[in-house]
Amino acid sequence: MLRETGYPARRQKVTLSIASMSCASCVGRVDKALAAVPGVLEASVNFATETATVTYVEGATTPRALVAAAAEAGYPAKLAGAESPQDNSARKEEEARILRRDVVIASILTLPVFLVEMGGHTLPGFHDWLAHRVGQQTIWLLQFVLTTAILAGPGRRFYIKGVPTLLRGAPDMNSLVALGTAAAWLFSVIATFAPGLLPEGTRVVYYEAAAVIATLILLGRWLEARARGRTGAAIRKLLGMQVKTARVERNGDTVEVPIEELAAGDVLVVRPGERIAVDGEVADGTSHVDESMITGEPIPVAKKPGDPVTGGTVNGPGGFRFRATRVGADTTLAQIIRMVEEAQGAKLPIQGLVDRVTLWFVPAVIGVALLAVFGWLSFGPAPALSFALVAGVSVMIIACPCAMGLATPTSIMVGTGRAAEMGVLFRKGDALQTLSGVAVVALDKTGTVTQGRPELTDLTPVEGFARAEVLSLVAAVEARSEHPIAEAVVRAARAEGIRLPEVESFSSVTGYGVKARVAGREVLVGADRFMVREGVDISALGATETELARKGRTALFAAIDGRAAALIAVADPVKPASRAAIAALHDLGLKVAMITGDKRETAEAIARETGIDHVVAGVLPDGKVAALDELRKDGISIAFVGDGINDAPALAHADVGIAIGTGADVAIESADVVLMSGDLRGVVNAFEVSRSTMRNIRQNLFWAFGYNTALIPVAAGVLYPALGLLLSPVLAAGAMALSSVFVLSNALRLRGLRPTMDETADVSRDAPALKPAE
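About the cut-offs
Residues numbered from 1 in each chain as written. Predicted model: local features only at pLDDT ≥ 70, side-chain atom pairs only at ≥ 80, totals over all residues. Heavy atoms only, no water. UniProt positions renumbered as here; feature names shortened; annotations may be inferred. Helix = DSSP H or I, 4+ residues; strand = E, 2+ residues; numbered from the N terminus. Phe/Tyr/Trp six-rings, centres within 6.5 Å; stacked < 30°, edge-to-face > 60°. Buried < 20%, exposed > 50% of the residue type's maximum accessible area, 1.4 Å probe, protein only. Pairing = 2+ DSSP bridges. Axes fitted to C-alpha atoms, helices over the stretch in contact; angles between N-to-C directions. Contact = heavy atoms within 4.5 Å.

Naming follows an unreviewed UniProt entry, where the chain appears as P-type Cu(2+) transporter of Tranquillimonas alkanivorans. Reading the Sequence similarities (unreviewed entry) entry of the UniProt record for the chain gives the comment "Belongs to the cation transport ATPase (P-type) (TC 3.A.3) family. Type IB subfamily." In UniProt, the chain has this text filed under Catalytic activity (unreviewed entry): "Cu(2+)(in) + ATP + H2O = Cu(2+)(out) + ADP + phosphate + H(+)".

Written out as structure tokens, the structure is:
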């Protein structure tokens, strides 16, 4: 309501690290607990990253209250800022190490129990021989001791976490494992020590089921923890680019200080082969710097005084001093890391359905397990109690929704991390899903399709004038002007080594052109209307002007001493990769439009050159927003690609805004996706990452939901009447662990994703240099 009246409440966003989440149902419970806190506008919990991002009304609640709400729900939390990415990585490694230790201990204790029970099923007479030599009661006592040690030792985590959530009426995966293993263990204990309490013919033990279930689930969690650690490889790689110390000039001396102590304005010394500490500007010295981590270009970039340098890039053979301009969280590398972390922690729209289902999934599974038990007790053959126990335990074990909870976030983590390595930064996680449904890509022209800097393309002298003479005089005049076209003429003259004569007088006629006296000659440079106004006959150049206009070039006339001397044409050249990239977008089934403020003739000429399908020309910045609305009038989804300040409204208004990373900061801040390179090949790669990641997510969800839907009825015993098949709890535990490992392994395949277009390749305008994606 406040927003509608024009006075929106001030918002705050905080990220919490959440502990003790073990399955997808935990995500729903934490989400629900945080959303219930007064003042919370939005809560997004990510199972794979173990974080919660909460948006709340400033003053209505506090981070401390949010931490308390999560803890009250059974999930201890703390502010994510208190733990650096390095600390988080170390914590995950420690968790994996502890799980590995517990798996080893549990396996050693389980092996004798498993061999004793399974030996009887594989070797005829083994049970009778062992019972005769050792005694059946002694065997059961040994199994009791070993199984109890497993459940009280490595397996106690299931009870510590699962029982409290069960008592709160919010059971999770740990509750299912605790109930299943406790039921099997308790039944076996009664059969061992108080057999008289059991009906006739039901005295059997299930120690091996309880022991093997606990061991297999621990094994699954260890494999899961290892795989989760690999999903954060992109962040660790980026963190590896940050230096720990830097050499700084302080009080006339060069001292080495921690990077945290650097401040803007410090002068840093960089030696050959070193990684540059922070962003800055070269003060003195020259070198070549490998900036491939930022631009994707493998060729080192020459640096001289006044040139910018970026933290994390690698210096070449030279040495130089530079002045720090951005340090700490403001550096380009820190911003990239922050973008990747935010994208990896995002929740896609598709995840909302998963969370709603899994929130009620565990209670439903317990209900199905109870129904299976009552069904077997009521209608099952003898020994009905044993069959009921097997069915109930199998249902609870096989239905753990770990795979559901991991299906989406693990793919997001790996996909966005791989995208960052390819130079594609998803600033907003939901763009990953939205981009896969885009049908039209709208492009800005200047700086996106074209270089964004006019260049001299033609200089056609009139008979009686030499090209070098005209260029010398015209460039001398234009050197006094700040117009981009004037800069293009001057650059061309200097590139050809032409000496510019002295200008004796200079004046600018707004809207027409410029005139000056150069080396004793009167020189005019401007549009056709300027020549007409000054009485210069340009009829001899009329046909040439028409032909240049058809090619999309801007024509100027030059007159010397009252006579038409030459026709000059400038154009903003198309980037070498634009045509190949647009062809690749067409191959992906996308339509390509161009929205520009330039005149229609120029825009259509560029569209013909690059293969663009639709042109909207002559629009102002707010007109680009209207043009997007016109393009999406049929309900189609649109992505807009731009780089300038005037593109910010359109980037924010499009379904997905994609900013060229070499553009203005305000454009980047308005975008959903940022391309670190300066051309359109990154757009193609962004689409490929989006589509591959969403395909991977759908595969994971199909497996996770299909697995549970198919196997829960089998575990309950629906196949027993027809086939005599009843799923063993041990097999159920193995299948459950396998499902989570499968989902994680499938997500990790995205690490092998290759760019559809290699941004380091030399792309001609005639043929797209495509590289098939895996």
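Once you've had a look at it, read on.
Trainee: For the environment of Val 574, give the residues involved together with the corresponding values.
Mentor: Note on placement: Val 574 falls in the loop between strand 21 (563–571) and helix 22 (578–587). Along the sequence, Val 574 and Gly 447 sit 127 residues apart, while their C-alpha atoms lie 9.0 Å from each other.

Trainee: Explain the packing of aromatic side chains residue by residue, including any values.
Mentor: Using the criterion set out here, one finds eight aromatic pairs in the structure. Seen from their ring centres, Phe 144 and Trp 185 are 6.2 Å apart, and the 25° between their planes marks the pair as stacked. Of the two residues, Phe 144 is situated in helix 5 (residues 136–152) and Trp 185 in helix 7 (residues 173–193); the sequence distance between them amounts to 41 residues. Take Phe 144: its relative accessible area is 21%, and that puts it in the partly exposed class.

Trainee: Account for the sheet that holds strand 17 (residues 503–509), naming residues and giving values.
Mentor: With antiparallel pairing, the six strands of this open sheet are ordered in space as 16-21-20-19-18-17. Among the strands making up the open sheet, the edge pair consists of strand 16 (455–461) and strand 17. The mean angle between the axes of side-by-side strands here comes to 20°, regardless of whether they run parallel or antiparallel. Here strand 20 (residues 554–560) runs beside strand 21; their pairing, made up of seven bridges, is antiparallel. Note that in strand 21 the partner of Leu 556 across the bridge is Ile 568. Those strands touched by helix 19 (residues 484–495) are strand 16, strand 20 and strand 21, and its axis lies near 75° from that of strand 16. Sheet strands in contact with helix 21 (residues 542–550) are strand 16, strand 20 and strand 21, and its direction is about 5° off that of strand 21.

Trainee: Give a description of the sheet that holds strand 11 (residues 308–309) that names residues and reports values.
Mentor: Strand pairing in a sheet takes place through backbone hydrogen bonds and is either antiparallel or parallel in direction. Here we have six strands laid out as an open sheet, ordered 6-5-7-13-8-11, and antiparallel in their pairing. Pairing within the sheet leaves two strands with one partner each, and these edge strands are strand 6 (253–258) and strand 11. Bridge analysis of strand 8 (residues 279–285) against strand 11 gives two bridges, and the strand direction is antiparallel. Counterpart to Gly 280 in the pairing with strand 11 is Val 309.

Trainee: Please set out the pairing of strand 15 (residues 440–444) residue by residue, giving values where relevant.
Mentor: Across the five residues that make up strand 15, a large majority, five, are buried. Neither face of strand 15 is left uncovered, since the one carrying Val 440, Ala 442 and Asp 444 and the one carrying Val 441 and Leu 443 both have all their residues buried. The pairing of strand 15 with strand 22 (residues 591–595) spans five bridges and is classified as parallel. Residue Val 441 lies in a different strand from strand 22, and its bridge partner there is Val 592.

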